[in-house]
Amino acid sequence: MFVSKTVTMAAATVGRAEGGTPLNAFDNALLAAGIGNVNLIKVSSIIPPDVAIVDLPKIRPGALIPTAYATVTSDVPGQTLSAAVGYALPDDPLKPGVIMEFHDTATQRDAERAIRAMLHEAFAVRGEGIRELKVFAVEHTVERVGCALAAVVLLGEQDLA
Amino acid sequence: MFVSKTVTMAAATVGRAEGGTPLNAFDNALLAAGIGNVNLIKVSSIIPPDVAIVDLPKIRPGALIPTAYATVTSDVPGQTLSAAVGYALPDDPLKPGVIMEFHDTATQRDAERAIRAMLHEAFAVRGEGIRELKVFAVEHTVERVGCALAAVVLLGEQDLA
Amino acid sequence: MFVSKTVTMAAATVGRAEGGTPLNAFDNALLAAGIGNVNLIKVSSIIPPDVAIVDLPKIRPGALIPTAYATVTSDVPGQTLSAAVGYALPDDPLKPGVIMEFHDTATQRDAERAIRAMLHEAFAVRGEGIRELKVFAVEHTVERVGCALAAVVLLGEQDLA
């Protein structure tokens, strides 16, 4: 699991789902996002230099995966939930990238706007220019018990199925 | 600590305790559960395939242990706290198991019932049959500041004392 | 990142900052504390035996760092925030040390007092004498959106820049 782990890839994903309970809605949103059968370890929230941004690959079941994520669950029917993550990579490839997370009873558009603003502030504070910025967001309208989730997973070769 | 870690064992445990503060009550509940001198890293919440379910062994002090856990603390005398974890393992041994957690001001019986229902939903959603399902729960009535805790730890050989 | 990690050092640090959002205030407090460009993995909260207490070194960008931390954010102008961590090491060097965390809308003095009391209880419960006890605290008065943060990072050689 932690087998001599080196992070070489980062991938973003989003999911949303209903469930019988808040925890099941979260589990179902993870499954919808393609990361329902791995062990997420929450991190705050840096993309190491020299890490490739990739499409979410198939991950080994039960792998321990450092993940920056935002999630929101609600049992209020009709409520709009949004979760978003975004990353920005610096002009200088030796410097790290930054991940920001957002979740709220808000629209996807508001979530995306919040992520962008936070990433721009993070780079202004660091005195770095942004070479690439991407946002991944999802919106869910609750039926009974709903969850919206957005994540950036940090992967090594040994995590791939 | 992360020394080339491979998860080969999972063990469940519960604990409950009083303390002078909420954090001490949590610390004392961890000690009561036999995991008070390790570094818990919270994970959500999968048992990798081919992992043996074992009785809680003696763990090396300070080891970094991926753990799915539920905990609840209260300073309301007389209040009933419950924490529970459970796991279900699939018919197909190549598929991962699932861990669910629950904590609330509830009875142990309610906590156990919640875990069972969540595990059954998780397996129905995955389209897997359950070959084994176990629940571990604890109830605590608060005297001054109390904590109930339930955990599943993911272990490798190098974590053993 | 997890490259055959062995924890050999622990270092404490504190930071405080304003930001445009709560997450940016947290990011800025991490930068102020010297740990803004690493991936914090929250742990609860043990110093393994034989670990050297060091001044915070320069850490590799994006490294995955097990960290015990306390943080508090507020958008109430004028409010006083405090975060503190502390550790106590046992007389018996084969036994682990304990880390305690505190955050609240409180003064730094109250935060420090809380940490000391929690550490003394933790060692009384363990039946161990204290050979060394240190507290690290920070106080911040909110202007717009503020954050106070205190952390103990657990490091190995491979985490150093």
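Here the structure is a predicted model, which is why all the values come from computation and not from measurement.

(A) Region of interest: the packing of aromatic side chains. On inspection of all chains with the given rule, the structure shows 6 aromatic pairs over all chains. Here A:Lys42 stacks its cationic end above the ring of A:Tyr69, 4.0 Å away from the centre of that ring.

(B) The interface of chain B and chain C, seen in detail. Across the contact, 24 residues belong to chain B and 23 residues belong to chain C. Of the roughly 1,800 Å² buried at the junction of chain B and chain C (both faces included), carbon and sulfur atoms supply 60%. If you look at where chain B meets chain C, you find 1 salt bridge. The salt bridge involving C:Arg126 is made with B:Asp27; its shortest N-O contact spans 2.8 Å. On the surface where chain B and chain C come into contact, there are 8 residue pairs in polar contact (both at pLDDT 80 or more). Ranked by residue count, the leading element in the side of chain B that touches chain C is helix α1 (residues 22–33) of chain B, at 7 residues. Taken together, the residues of the side of chain B that touches chain C sort by class into 13 nonpolar, 10 polar and 1 charged.

(C) The arrangement of the interface of chain A and chain C in detail. Opposite the 23 residues of chain A that make contact, chain C presents 23 residues. Buried area between chain A and chain C, summed over both chains or domains, comes out near 1,900 Å², and the portion from carbon and sulfur atoms is 60%. For the chain A face of the interface with chain C, the top three residues by lost area are A:Ser44, A:Glu121 and A:Arg126, together amounting to 28%. At the surface where chain A touches chain C, the tally comes to 1 salt bridge. Where chain A touches chain C, the interface holds 8 residue pairs in polar contact (both at pLDDT 80 or more). Elements represented by at least two residues in the side of chain A that touches chain C include exactly β2 (39–42), β7 (97–104) and α2 (108–126) of chain A. It is α2(A) that provides the largest number of residues to the side of chain A that touches chain C, a total of 5 residues. Per-class residue counts for the side of chain A that touches chain C are 14 nonpolar, 4 polar and 5 charged.

So, how was this worked out
- Residues numbered from 1 in each chain as written.
- Chains lettered and ligands numbered in written order.
- Predicted model: local features only at pLDDT ≥ 70, side-chain atom pairs only at ≥ 80, totals over all residues.
- Heavy atoms only, no water.
- Phe/Tyr/Trp six-rings, centres within 6.5 Å; stacked < 30°, edge-to-face > 60°.
- Lys NZ or Arg CZ within 6 Å of the ring centre and 35° of its normal.
- Contact = heavy atoms within 4.5 Å.
- Buried area = accessible area lost by both parts, 1.4 Å probe.
- Salt bridge = Lys/Arg side-chain N within 4 Å of Asp/Glu carboxyl O.
- Polar contact = N/O pair within 3.5 Å; in protein donor to acceptor, adjacent residues only side chain to side chain.
- Helix = DSSP H or I, 4+ residues; strand = E, 2+ residues; numbered from the N terminus.
- Nonpolar A, V, L, I, M, F, W, Y, C, P; charged D, E, K, R; others polar.

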